[in-house]
Amino acid sequence: MVSEFSLSWTLSRQRLVDTISDLNDEQLSWRIYGKSLSIGQMAVHVAGVETLFVSQLLGLELDTEASRLRSSATDGVVNDKPFPYSDSELTAARVAELMGIGKGLVEPVITDPTEAVLKKEIVSALGPVITGEGAFTRLAFHPAYHQGQAYLIRTSPGFPGA
(Lines give C-alpha, C1' and ligand atoms only; values in the text may rest on other atoms or scores of the structure.)
Protein backbone atom coordinates (compact mmCIF):
# COMPACT_ATOMS: atom_id res chain seq x y z
CA MET A 1 0.00 0.00 0.00
CA VAL A 2 1.32 3.42 -0.93
CA SER A 3 0.87 6.15 1.68
CA GLU A 4 -0.87 9.42 0.89
CA PHE A 5 2.36 11.14 1.93
CA SER A 6 4.17 9.28 -0.82
CA LEU A 7 1.72 10.35 -3.52
CA SER A 8 2.11 14.04 -2.66
CA TRP A 9 5.88 13.81 -2.16
CA THR A 10 6.37 12.00 -5.47
CA LEU A 11 4.32 14.57 -7.38
CA SER A 12 5.89 17.66 -5.82
CA ARG A 13 9.43 16.27 -6.04
CA GLN A 14 9.04 15.29 -9.69
CA ARG A 15 7.78 18.76 -10.53
CA LEU A 16 10.93 20.22 -8.95
CA VAL A 17 13.11 17.79 -10.91
CA ASP A 18 11.23 18.64 -14.13
CA THR A 19 11.71 22.37 -13.53
CA ILE A 20 15.48 22.11 -13.06
CA SER A 21 16.57 19.07 -15.09
CA ASP A 22 17.36 21.03 -18.26
CA LEU A 23 19.48 23.69 -16.51
CA ASN A 24 23.21 23.92 -17.05
CA ASP A 25 25.86 24.58 -14.41
CA GLU A 26 25.80 28.36 -14.89
CA GLN A 27 22.01 28.47 -14.58
CA LEU A 28 22.02 26.28 -11.47
CA SER A 29 24.44 28.63 -9.70
CA TRP A 30 22.82 31.94 -10.78
CA ARG A 31 21.31 34.07 -8.03
CA ILE A 32 18.39 36.41 -8.45
CA TYR A 33 20.07 38.66 -5.86
CA GLY A 34 23.27 38.49 -3.84
CA LYS A 35 22.38 36.47 -0.76
CA SER A 36 19.60 34.34 -2.23
CA LEU A 37 19.97 30.63 -2.73
CA SER A 38 20.71 29.48 -6.23
CA ILE A 39 18.46 26.89 -7.86
CA GLY A 40 21.19 24.31 -7.36
CA GLN A 41 21.42 25.13 -3.68
CA MET A 42 17.63 24.91 -3.31
CA ALA A 43 17.56 21.47 -4.92
CA VAL A 44 20.38 20.21 -2.71
CA HIS A 45 18.66 21.74 0.32
CA VAL A 46 15.54 19.68 -0.51
CA ALA A 47 17.67 16.52 -0.57
CA GLY A 48 19.33 17.68 2.65
CA VAL A 49 16.01 17.97 4.46
CA GLU A 50 15.07 14.52 3.18
CA THR A 51 18.35 13.18 4.55
CA LEU A 52 17.90 15.01 7.86
CA PHE A 53 14.41 13.66 8.45
CA VAL A 54 14.99 10.05 7.39
CA SER A 55 18.29 9.72 9.23
CA GLN A 56 16.55 10.78 12.43
CA LEU A 57 13.44 8.67 11.84
CA LEU A 58 15.49 5.52 11.22
CA GLY A 59 18.44 6.31 13.51
CA LEU A 60 20.86 6.06 10.60
CA GLU A 61 24.56 6.74 10.94
CA LEU A 62 25.53 8.72 7.89
CA ASP A 63 28.78 8.57 5.97
CA THR A 64 30.73 11.77 5.33
CA GLU A 65 28.91 12.60 2.08
CA ALA A 66 25.43 12.02 3.48
CA SER A 67 26.34 14.03 6.60
CA ARG A 68 27.42 16.91 4.41
CA LEU A 69 24.18 16.64 2.45
CA ARG A 70 22.22 16.58 5.71
CA SER A 71 23.87 19.86 6.75
CA SER A 72 22.46 21.54 3.62
CA ALA A 73 19.05 21.28 5.31
CA THR A 74 20.06 24.15 7.58
CA ASP A 75 23.52 25.57 6.85
CA GLY A 76 23.27 28.69 4.73
CA VAL A 77 19.50 28.36 4.66
CA VAL A 78 18.15 28.86 8.19
CA ASN A 79 21.41 29.84 9.88
CA ASP A 80 24.44 32.01 9.17
CA LYS A 81 26.84 29.18 8.36
CA PRO A 82 28.05 28.87 4.78
CA PHE A 83 26.17 26.50 2.48
CA PRO A 84 28.10 23.20 2.57
CA TYR A 85 28.66 23.06 -1.21
CA SER A 86 30.39 25.70 -3.32
CA ASP A 87 28.84 26.93 -6.55
CA SER A 88 31.55 25.19 -8.56
CA GLU A 89 30.65 21.86 -6.94
CA LEU A 90 26.98 22.15 -7.79
CA THR A 91 27.15 21.05 -11.38
CA ALA A 92 24.06 19.60 -13.04
CA ALA A 93 25.46 16.09 -12.56
CA ARG A 94 26.28 16.67 -8.89
CA VAL A 95 22.89 18.20 -8.11
CA ALA A 96 21.21 15.18 -9.73
CA GLU A 97 23.46 12.83 -7.74
CA LEU A 98 22.65 14.53 -4.43
CA MET A 99 18.93 14.61 -5.25
CA GLY A 100 19.23 10.88 -5.90
CA ILE A 101 20.69 10.29 -2.44
CA GLY A 102 17.76 12.10 -0.80
CA LYS A 103 15.22 10.25 -2.93
CA GLY A 104 16.85 6.91 -2.18
CA LEU A 105 16.57 7.52 1.54
CA VAL A 106 13.00 8.84 1.56
CA GLU A 107 11.18 6.75 -1.02
CA PRO A 108 11.09 3.39 0.79
CA VAL A 109 10.16 4.97 4.12
CA ILE A 110 7.50 7.41 2.93
CA THR A 111 5.90 4.78 0.70
CA ASP A 112 5.11 2.39 3.54
CA PRO A 113 5.85 3.98 6.92
CA THR A 114 5.54 1.94 10.06
CA GLU A 115 3.48 3.15 12.98
CA ALA A 116 6.70 3.56 14.99
CA VAL A 117 8.18 5.84 12.30
CA LEU A 118 4.98 7.90 12.09
CA LYS A 119 4.98 8.47 15.86
CA LYS A 120 8.73 8.99 16.36
CA GLU A 121 9.74 12.49 17.45
CA ILE A 122 12.52 14.27 15.60
CA VAL A 123 13.86 17.82 15.27
CA SER A 124 12.75 19.62 12.10
CA ALA A 125 15.06 21.74 9.96
CA LEU A 126 13.43 24.85 11.44
CA GLY A 127 13.90 23.65 15.01
CA PRO A 128 10.62 22.44 16.48
CA VAL A 129 10.12 18.83 17.51
CA ILE A 130 7.78 17.03 15.12
CA THR A 131 6.61 13.45 14.62
CA GLY A 132 7.35 11.26 11.64
CA GLU A 133 3.87 12.10 10.42
CA GLY A 134 4.78 15.78 10.61
CA ALA A 135 8.04 15.09 8.78
CA PHE A 136 6.23 13.32 5.95
CA THR A 137 3.69 16.13 5.75
CA ARG A 138 6.54 18.62 5.36
CA LEU A 139 8.36 16.43 2.85
CA ALA A 140 5.21 16.21 0.75
CA PHE A 141 5.08 19.97 0.09
CA HIS A 142 8.70 21.06 0.53
CA PRO A 143 9.87 20.30 -3.04
CA ALA A 144 6.85 22.15 -4.47
CA TYR A 145 7.75 25.25 -2.46
CA HIS A 146 11.21 25.31 -4.01
CA GLN A 147 9.88 24.32 -7.45
CA GLY A 148 7.88 27.55 -7.45
CA GLN A 149 10.95 29.54 -6.48
CA ALA A 150 13.04 27.83 -9.17
CA TYR A 151 10.42 28.62 -11.80
CA LEU A 152 10.36 32.29 -10.80
CA ILE A 153 14.16 32.48 -10.86
CA ARG A 154 14.51 30.82 -14.23
CA THR A 155 11.93 33.20 -15.75
CA SER A 156 13.49 36.32 -14.18
CA PRO A 157 15.19 39.04 -16.20
CA GLY A 158 18.91 38.39 -16.38
CA PHE A 159 18.67 34.62 -16.00
CA PRO A 160 21.45 33.09 -18.13
CA GLY A 161 20.23 31.81 -21.47
CA ALA A 162 16.75 33.28 -21.03
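This report concerns the structure included in the present document. (Residues numbered from 1 in each chain as written. Predicted model: local features only at pLDDT ≥ 70, side-chain atom pairs only at ≥ 80, totals over all residues. Heavy atoms only, no water.)

### Description of the packing of aromatic side chains
For step 1, the next point in the chain: Taken as a whole, this structure holds three aromatic pairs when the rule is applied.
For step 2, the next point in the chain: Here W30 and F159 contribute two aromatic rings whose centre-to-centre distance is 5.4 Å and whose plane-to-plane angle is 85 degrees, an arrangement assigned as edge-to-face. With W30 in the loop between helix 2 (25–29) and helix 3 (39–58) and F159 in the segment after helix 7 (132–154), the pair connects residues that are 129 residues apart, well separated along the chain. Exposure class is identical for W30 and F159. Each is buried.
For step 3, the next point in the chain: Arranged with centres 6.3 Å apart and planes meeting at 50 degrees, the rings of F83 and Y85 form a pair that is tilted. With respect to class, F83 is no different from Y85; both count as buried. (Phe/Tyr/Trp six-rings, centres within 6.5 Å; stacked < 30°, edge-to-face > 60°. Helix = DSSP H or I, 4+ residues; strand = E, 2+ residues; numbered from the N terminus. Buried < 20%, exposed > 50% of the residue type's maximum accessible area, 1.4 Å probe, protein only.)

### Notes on the side chain of S38
For step 1, the next point in the chain: As for its placement among the helices and strands, S38 is situated in the loop between helix 2 and helix 3.
For step 2, the next point in the chain: Given the relative accessible area of 1%, S38 is considered buried.

### Here's the deal with the side chain of S36
For step 1, the next point in the chain: Position of S36 relative to the elements: it lies in the loop between helix 2 and helix 3.
For step 2, the next point in the chain: Polar contacts involving the side chain of S36 include one to the main-chain carbonyl oxygen of Y33, which spans 2.8 Å.
For step 3, the next point in the chain: If near-sequence neighbours (up to four positions away) are discounted, S36 is found in contact with R31 and Q41. (Polar contact = N/O pair within 3.5 Å; in protein donor to acceptor, adjacent residues only side chain to side chain. Contact = heavy atoms within 4.5 Å.)

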